[in-house]
Amino acid sequence: MRNGRGLGRSFGWLWGAYGTSALGTWLAFGAFPLIAVQVLRAGPAEVAALSSAGAAVGAAVAVPLGPWVEFRRKRPVLIAMDLVRCAALLTIPVAYALGALSFVQLLLVSVVVAAADITFRAASGAYLKTLLPPGDLLAANARFESTAWTTTIIGPPLGGAAIGLLGPVATVVADAVSYLLSALGLRAIGGGEARPAADRGTTARLRPGDLVAGWRYILADPTLRPLFLNAAVFNGLLMATEPLLAVLMLGHLGFTPWQYGLAFAAPSLGGLLGSRLARPLVARYGQHRVLTVSGRLRALWPLGLAFLGPGTGGLLLVTGVELGLIFCCGVFNPVSATCRLERTRTDRVTRVLSAWTVTTKATTALLTAVWGVLGSLLGPRTAIGLAGLLLLATPLLLPRRTAEVPTDAEASPAHA
């Protein structure tokens, strides 16, 4: 095993590409709703549809792409998805400059970007598993996680400043350029990549069973199955409360936008710290123990948001709750991602990751819509509290033990 500082030149380019596109994404955080409201004068229903429908339809479009990508070299797919996202996003400033921007175009671009994002994530997981030995996967995932939280801290403030100086589509251009730079970084990796079975002349036709192969693989594995269900329910409930929390803080409690942004940007330092601790914690206590303990602890924090009040005390409360939650997620996420890669055969990685991401995005979209209705009927505070209570039960879905890791011995072209 190599040390954490030396994962190789190829991984360095992959990591740099990831960091560049992640920074672009966070620079453009909230850009689509902002453009919809300020430029197109869209109402609340249209903004909600832009956020939920774009992700849901994009997830549906990505379903057949998972098995299709499984039979292709992964690096060209990654480059293609970066270029697709770049091209789709660039249509927005062009249409804006020509005075032809429409809500339908925003919706279509969000669908294309969501589908390409899911496909990119699935292909990148498969590529990472072929790029590094198993012993280095946790170190690599911890680096990705720490990079994600770092860009979360610096991206939105810089994006807000860019919008103020250059207008509402400035960050969309920056996001598009980040994908172009990411594609160039991936191309710089160079070297050969093992050809999947389809490239060697064996069957590459997409069969109906291939569309659900990822879900079948997950549900058949005694460790992946509970981890998968936990991820879908936890992420869905947590993300469903975000719009309600915004209404509660910015509307009912009178927090200013900068206070709202600070309450979520500052705690991201906890995610950076948690991701740095994940690897030494696993080395000392073992993967399963770290996974279950951090998974249980992260479920305790969200209920505290139901007791949020006005003023400095309320700001400190939400900041503290988010800090604890994000720290636990910073530990849990890279360990969970590593466990998922280790337990998935190489010839199933893309389909498994596609099924995983599609399910979590679809669940989030559904629960966000449901909690929007509950927030209207019960009030945002009560709906947030209900989600917090349900989140307390999510540790029951965590794996009670870690079964033996399967091998790739059966992963022959004929079997694939």
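Keep in mind that what you see is a predicted model, and the values were worked out from it rather than measured.

**Digging into the environment of Leu-341**
And then number 1: Turning to its location among the elements, Leu-341 is positioned in helix α15 (residues 311–342).
And then number 2: Residues Leu-341 and Leu-353, 12 residues apart in the sequence, show an inter-C-alpha distance of 8.9 Å.
And then number 3: Ignoring anything within four residues of it in the chain, the contact list for Leu-341 reads Gly-125, Leu-128, Lys-129, Leu-137, Asn-141, Val-349 and Leu-353.

**Section: a nonpolar patch on the surface**
And then number 1: Together, Leu-83, Leu-90, Val-173, Val-177, Leu-180, Leu-181 and Leu-184 make up an exposed nonpolar region whose accessible area comes to about 540 Å².
And then number 2: Elements supplying a minimum of two residues to the nonpolar patch: α5 (74–97) and α8 (170–189).
And then number 3: It is α8 that contributes the most residues to the nonpolar patch, five residues altogether.
And then number 4: On the secondary structure map, Leu-90 appears in helix α5.
And then number 5: With a relative accessible area of 34%, Leu-90 lands in the partly exposed category.

**A word on the state of the cysteines**
And then number 1: Counted under the stated rule, the structure contains zero disulfides.
And then number 2: Left without a disulfide partner, Cys-328 is nearest to the cysteine sulfur of Cys-329, which lies 7.0 Å away.
And then number 3: The exposure class of Cys-328 is buried, given its relative accessible area of 7%.
And then number 4: The buried category is assigned to Cys-329, whose relative accessible area is 9%.

**Looking at the environment of Asn-235**
And then number 1: By the secondary structure assignment, Asn-235 is in helix α10 (residues 224–240).
And then number 2: When the C-alpha positions of Asn-235 and Thr-360 are compared, they lie 7.0 Å apart, and in sequence the two are 125 residues distant.
And then number 3: Excluding residues that lie within four positions of it along the chain, Asn-235 makes contacts with Asn-230, Thr-360 and Thr-364.

**Considering helix α2 (residues 31–38)**
And then number 1: Here α2 has its buried residues at Ala-31, Phe-32, Ile-35 and Ala-36. Along the axis of α2, the buried positions cluster into a sector of 135°, meaning they face one direction only.

**Some points on the nonpolar core**
And then number 1: The biggest cluster of nonpolar side chains holds 27 residues, and the ones touching the most others in it are Phe-11, Leu-14, Leu-128 and Leu-186.
And then number 2: Top contributing element to this core by residue count: helix α6 (residues 103–131), with seven residues.
And then number 3: When residues no more than four places from it in sequence are discounted, the contact partners of Leu-186 are Leu-14, Ala-17, Arg-75, Leu-78, Ile-79, Asp-82 and Phe-120.
And then number 4: Counting residues in hydrophobic clusters, the runner-up holds 25 residues, among them Ala-240, Leu-244, Leu-315 and Val-321.

**A look at helix α11 (residues 242–252)**
And then number 1: Along α11, the positions that sit buried rather than exposed are Leu-244, Leu-245, Ala-246, Leu-248 and Met-249.
And then number 2: Count one or two residues on from α11 and you reach Gly-254, which has phi positive near 75°.

**What about the packing of aromatic side chains?**
And then number 1: For the structure on display, the rule yields four aromatic pairs.
And then number 2: The interplanar angle of 70° and the centroid separation of 5.3 Å between the aromatic rings of Phe-228 and Trp-356 together place this pair among those described as edge-to-face. Here the residue Phe-228 occupies a position in helix α10, and Trp-356 occupies one in helix α16 (residues 349–378), the gap between them amounting to 128 residues.
And then number 3: According to the relative accessible area criterion, Phe-228 is buried, its value standing at 5%.
And then number 4: Among the aromatic residues, those joined into a cluster by ring pairs are Phe-11, Trp-15, Tyr-18 and Phe-144.
And then number 5: The ring of Phe-234 carries the charged tip of Arg-298 above its face, separated from the ring centre by 3.8 Å.
And then number 6: The ring of Trp-356 carries the charged tip of Arg-340 above its face, separated from the ring centre by 4.8 Å.

**Some details on the confidence of the model for the protein chain**
And then number 1: Here the protein chain averages 84 in pLDDT, and 88% of its residues register 70 or above.
And then number 2: Of the regions scoring below 50 in pLDDT, residues 199–204 engages in 11 contacts with residues more than four places distant in sequence or in other chains.
And then number 3: Segment residues 409–416: pLDDT under 50, and 14 contacts once partners within four positions in sequence are set aside and those in other chains are kept.

**Considering the side chain of Ser-124**
And then number 1: If you trace the backbone, Ser-124 turns up in helix α6.
And then number 2: A relative accessible area of 18% places Ser-124 in the buried class.
And then number 3: A polar contact is formed between the side chain of Ser-124 and the backbone oxygen of Arg-121, at a distance of 2.9 Å.

Conventions used here
- Residues numbered from 1 in each chain as written.
- Predicted model: local features only at pLDDT ≥ 70, side-chain atom pairs only at ≥ 80, totals over all residues.
- Heavy atoms only, no water.
- Helix = DSSP H or I, 4+ residues; strand = E, 2+ residues; numbered from the N terminus.
- Contact = heavy atoms within 4.5 Å.
- Patch = residues over 30% accessible without salt bridge, like charges linked within 9 Å, V, L, I, M, F, W, Y side chains within 5 Å.
- Areas by Shrake-Rupley, 256 points an atom, 1.4 Å probe, with all protein chains shown as cover.
- Salt bridge = Lys/Arg side-chain N within 4 Å of Asp/Glu carboxyl O.
- Buried < 20%, exposed > 50% of the residue type's maximum accessible area, 1.4 Å probe, protein only.
- Disulfide = S-S within 2.5 Å.
- Arc of directions from axis to C-beta.
- Core = buried A, V, L, I, M, F, W, Y, C linked by side-chain atoms within 4.5 Å.
- Phe/Tyr/Trp six-rings, centres within 6.5 Å; stacked < 30°, edge-to-face > 60°.
- Lys NZ or Arg CZ within 6 Å of the ring centre and 35° of its normal.
- pLDDT = per-residue confidence, 0-100.
- Polar contact = N/O pair within 3.5 Å; in protein donor to acceptor, adjacent residues only side chain to side chain.

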